[in-house]
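The residues making up each chain are set out below.
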Amino acid sequence: MEARAKATVRWRAGLHIRPATCIVKLLQKYTCDVKLMQDQAICNAKSVIQIISLGAECGTSLIIDARGEDSQKAVEALKAFFDDYEDEDALW
Amino acid sequence: MDIKKGIPVSLGVAIGEAFLLDHEGYRIPKRFISNTPESIEREKERYKNSVEKAISELLEIEEKNKSNKDIAVLFMGHRFIIEDPGIQEEIIEKIEQFYYTAEYAVSHIMHKHSYTLKSLPNDYHSKRSIDLEDIENRLLKHLLGGQRENLCNLKNPVILVAKDLTPSETVILPQDRILAFITEIGGRTSHTAIVARTKGIPAVVGLNAATSQIRTGDIVVVDGGKGIVIIDPDTSTLEKYRLQQKKEQLRQEKLKTILNLPVETIDGYTITLRANIEEPSEVKLAMQNGATGIGLYRTEFIYVNEPDPQEENHLEAYRTALKDLKGNKLIIRTLDFGADKAFGLEDFAGEKNPFLGCRSIRLCFEKPDLFKKQLRAILRASSIGDVEIMFPMISSLEELLRAKAILEETKQDLSKENISYNKSIKVGMMIEIPSSAITADLLVKEVDFFSIGTNDLIQYTLAVDRINQRVAPLYKPAHPAIFRLIKRVIDIAKENHIKVSMCGEMSSESHYLVPLMGLGLREFSISSSILLSAKEMIRKITMRRAKEIAQNLLGCITHEEALDYLNKEFGSI
């Protein structure tokens, strides 16, 4: 099973530690592998350190790429997060 | 193996695991473990433990900040980074393949990631490297041995390594589990040194950078007699020191054989040896080592447990001491707080020159209520045992008369209240300020005894801060000025038929003990741990010889000449 989607970083401060933490937390529910791709760079979306090391700024387009059983659901949830998450408003 | 040299302050050899007390401001040196499977396993285990502790700490923070999601999420992020399998793998690889210590591996990997973030073009992202520093510090804190308050929970005996120890810290230490002390700051008469000698714990102080070079868990050899510290000793070195330890044990056992023999010179002069104590519980050890009383009870420690001790707190302590003394003398020195021993009493803050400031008897004059509480307790104790009172830091006749007047007032108060006390309690004073040594002929008429406190006397006479390492070499007990002052005090006391003793650290060293006897001192108060070796020394010499040595020493015109002479006379100092 594979799933892909496009997402845009809308947060003024970019994809920093707080949204990255929320992403990792959100993906803990899913067993599939999830990657974030930005131009040449690629990272494991389940690792805070890797996400913040992308240094994705506000306006950056990313590709979400998931492989595994629940990849479809994971990509949908993550896409929704990129669309809806307001920075400074954490996900619990 | 790494050999370091510090200042030797308390005899004895200790071998054991280090326990680092300070983790703030550490630098992590590039250090390696040996490449055996056991040490690799041990190091990985240390790393994993630090991870576990850090995680549970972070979970607690998250829980506490539930209502503030910004903070909670930030610390959750920290936790995710610590839990990150990628990072964990990298750190473990450094340990397994490159034999890094856990500290160094953590520090190295976190720095690497921090560098990646810093080199990102976006300013906001590059500032996030602070998070990684925070994470690194958290892990290191656990690796380096945790906080001071955890000290009481020590299970195994350790060699304690710290920048410095305050008196209140030394008090809470589980002393039965301290094999030795190593500190970066201090000298022979610094507080740690005194406590170590009192308890017979080997100690080396003034060991620069000790807290950054020794880490918790390191095997360390401490030679408190030579001031040598060996980190991670090799097998033959370990063997050598184990042997030395055994020899020392045998010597101690041999010393026990003279325990019940009189303290007298070959030609029959009797010397009185008493002990210095800081807490009443130390009386037992003193008596076991043959002390005939306590020549100096430093009462400052009463203020440690109880910042504003009442009469009853004092009395309780004195009673405990008297009970174990079984009729022997107890000389109680009234409050001698100095800035060097500040226990957080408010009034020390901001003194630029604390050793010349409002300390000791001066503080008592400023706070007569505090002073009177102690005097009342001492007087009450005088009705249950052989108690004498001693005023510290007297610098003039006026001060002595003022202290005596307050004592007189207190006596009258007690009489009015029908509380019993020894009406003819003996009153003495410390000679520890040059002005009091110089005017000893005036002071002598007003006291029953002098007690020479050499630590302060030397410091004030030579104008040397004994804790300041840059001038510590100028702290010279064998300086001709010191012997002249001491001789003067002894002579004046003898002419006026009052007792004179010495309670300073100087009399703790045999090469000074003998010439001091030669100068006419017959009473000394020293640490319990060296009572027996002092006795051994005394029993080996004649008073005639001691007088000759004292005369020769008085003839030395420089400190160096005096030291050379003592070296010749007593072997290496």
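Since the structure is predicted, the reported quantities are computational estimates derived from the model, not experimental observations.

Participant: Requested: an account of the overall build of chain B, with residues and values cited.
Facilitator: Check the secondary structure of chain B and you find 24 helices and 16 strands. In chain B, which comprises 573 residues, the proportion classed as buried is 44%. A separation of at least 24 residues holds for 67% of the contacts in chain B among residues at least 6 apart in sequence.

Participant: Tell me about the overall build of chain A, and please be specific about residues and values.
Facilitator: From N to C terminus, chain A includes three helices and four strands. Along chain A, helices (α) and strands (β) appear in the sequence β-α-β-β-α-β-α when read from the amino end. Counting across all 92 residues of chain A, residues that qualify as buried make up 41%. The long-range share in chain A, meaning contacts at least 24 apart out of those at least 6 apart in sequence, stands at 73%.

Participant: Report on the pairing of strand 12 (residues 387–391) of chain B, specifying residues and quantitative values.
Facilitator: Residues and elements named next belong to chain B. Burial within strand 12 is extensive, with five of its five residues counted as buried. The two faces of strand 12 match: V387, I389 and F391 on one face and E388 and M390 on the other face are all buried. The sheet contact formed by strand 11 (residues 330–333) and strand 12 spans four bridges and is parallel. Bridge pairing in strand 12 links I332 to I389. Bridge count for strand 12 against strand 13 (residues 427–431) is three bridges, and the pairing is parallel. For M390, the partnering residue across the bridge sits in strand 13 and is G428. Running through helix 16 (residues 397–416), the crossover from strand 12 to the neighbouring parallel element strand 13 is right-handed.

Participant: Account for unusual backbone geometry, with residues named and values stated.
Facilitator: All names here are of chain B. With a phi angle near 55°, M393 is a residue other than glycine that sits in the positive phi range. Mapped onto the fold, M393 is located in the loop between strand 12 and helix 16. M393 gets classed as buried once you count the C-beta atoms within 10 Å, which come to 25.

Participant: Mind laying out the sheet that holds strand 11 of chain B, listing which residues take part and the relevant values?
Facilitator: Residue and element names in this part refer to chain B. Read around the barrel, eight strands follow the order 9-10-11-12-13-14-15-16 and close on themselves; strand pairing throughout is parallel. With strand direction ignored, the average angle separating the axes of adjacent strands in the sheet is 25°. As paired elements, strand 10 (residues 294–298) and strand 11 share three bridges and run parallel to each other. Within the sheet, the bridge partner assigned to I294 lies in strand 11 and is L330.

Participant: Describe the pairing of strand 10 of chain B, listing the residues and the values that go with them.
Facilitator: Residues and elements named next belong to chain B. Extensive coverage of strand 10 is indicated by the burial of five of its five residues. Looking at chain direction, strand 9 (residues 272–277) and strand 10 are connected through three bridges and run parallel. Counterpart to I277 in the pairing with strand 10 is Y297. Considered for its hand, the β-α-β crossover made up of strand 9, helix 11 (residues 283–288) and strand 10 is right-handed.

Participant: Pulling in residues and values, what's your account of the interface of chain A and chain B?
Facilitator: In this complex, chain A contributes 21 residues to the contact, which on the side of chain B involves 21 residues. For the side of chain A that touches chain B, the secondary structure elements donating two or more residues are helix 1 (17–27) and helix 2 (48–54) of chain A. The residue inventory of the side of chain A that touches chain B, partitioned by class, reads ten nonpolar, seven polar and four charged.

Participant: Describe the confidence of the model for chain B, listing the residues and the values that go with them.
Facilitator: Per-residue pLDDT for chain B averages 88, and the proportion of residues at 70 or more is 90%. Considering only residues more than four positions removed or in separate chains, one finds that residues 23–27 of chain B, a stretch of pLDDT under 50, has nine contacts.

Participant: Can you explain the environment of Q213 of chain B? Please cite residues and give values.
Facilitator: Mapped onto the elements, Q213 of chain B comes out in helix 9 (residues 210–213). Judged by the 18 C-beta atoms lying within 10 Å of it, Q213 of chain B falls in the partly exposed class.

Participant: Tell me about helix 21 (residues 510–518) of chain B, and please be specific about residues and values.
Facilitator: Note on helix geometry: an α-helix contains 3.6 residues per turn, so any two residues three or four positions apart are oriented the same way. Residue and element names in this part refer to chain B. With respect to burial, helix 21 is a largely interior element, eight of its nine residues being buried. Here helix 21 has its buried residues at H511, Y512, L513, V514, P515, L516, M517 and G518. Buried residues belonging to helix 21 abut strand 15 (499–502), strand 16 (523–526), helix 22 (531–539), helix 23 (543–554) and helix 24 (559–570).

Participant: I'd like a rundown of the sheet that holds strand 2 (residues 33–38) of chain A, residues and numbers included.
Facilitator: Residue and element names in this part refer to chain A. Spatially, the four strands line up as an open sheet ordered 1-4-2-3, and their pairing is antiparallel. Unpaired on one side and paired on the other, strand 1 (2–8) and strand 3 (41–44) mark the two borders of the sheet. Across the sheet, the mean angle separating the axes of adjacent strands is 20° when strand polarity is ignored. Looking at chain direction, strand 2 and strand 4 (residues 61–67) are connected through five bridges and run antiparallel. Among the inter-strand pairings, L36 is bridged to a residue of strand 4, identified as I64. Against the sheet, helix 3 (residues 71–84) engages strand 1, strand 2 and strand 4, with an angle of about 5° to strand 1.

Participant: Run through the nonpolar core, naming residues and quoting values.
Facilitator: Core analysis: the largest hydrophobic core is formed by 93 residues, its most contacted members being I51 of chain A together with V106, I159, L160, V161, I182 and V222 of chain B. Both domains that furnish three or more residues to this core are identified here as domain 1 (2–25 + 147–252) and domain 2 (37–143) of chain B. Here I159 of chain B is in contact with A14, G16, E17, A18, F19, L179, A180, I182, V220 and V222 of chain B, once residues within four sequence places are set aside. Of all hydrophobic cores here, the second largest spans 88 residues; its members include V283, L335, V489 and M543 of chain B.

Participant: Describe in detail the packing of helix 1 of chain A against helix 3 of chain A, supporting the description with residues and values.
Facilitator: All names here are of chain A. Across the interface, helix 1 lies against helix 3 with an axial gap of 10 Å and an inter-helix angle of 155°. Classified by the angle their axes make, helix 1 and helix 3 are roughly antiparallel. Remark: the crossing between helix 1 and helix 3 carries right-handed chirality. Across the interface between the two elements, C22, I23, L26 and L27 of helix 1 pack against A74, A77, L78 and F81 of helix 3.

Calculation rules
- Residues numbered from 1 in each chain as written.
- Chains lettered and ligands numbered in written order.
- Predicted model: local features only at pLDDT ≥ 70, side-chain atom pairs only at ≥ 80, totals over all residues.
- Helix = DSSP H or I, 4+ residues; strand = E, 2+ residues; numbered from the N terminus.
- Buried ≥ 20, exposed ≤ 12 C-beta atoms within 10 Å, placed from the backbone.
- Contact = placed C-beta atoms within 7 Å.
- Pairing = 2+ DSSP bridges.
- Right-handed = clockwise from strand over helix to strand, strands pointing away.
- Axes fitted to C-alpha atoms, helices over the stretch in contact; angles between N-to-C directions.
- Nonpolar A, V, L, I, M, F, W, Y, C, P; charged D, E, K, R; others polar.
- pLDDT = per-residue confidence, 0-100.
- Core = buried A, V, L, I, M, F, W, Y, C linked by C-beta atoms within 7 Å.
- Domains from an automatic or database assignment.
- Parallel < 35°, antiparallel > 145°, perpendicular 65-115°, else oblique.
- Left-handed = near helix turned anticlockwise from the far one by under 90°.

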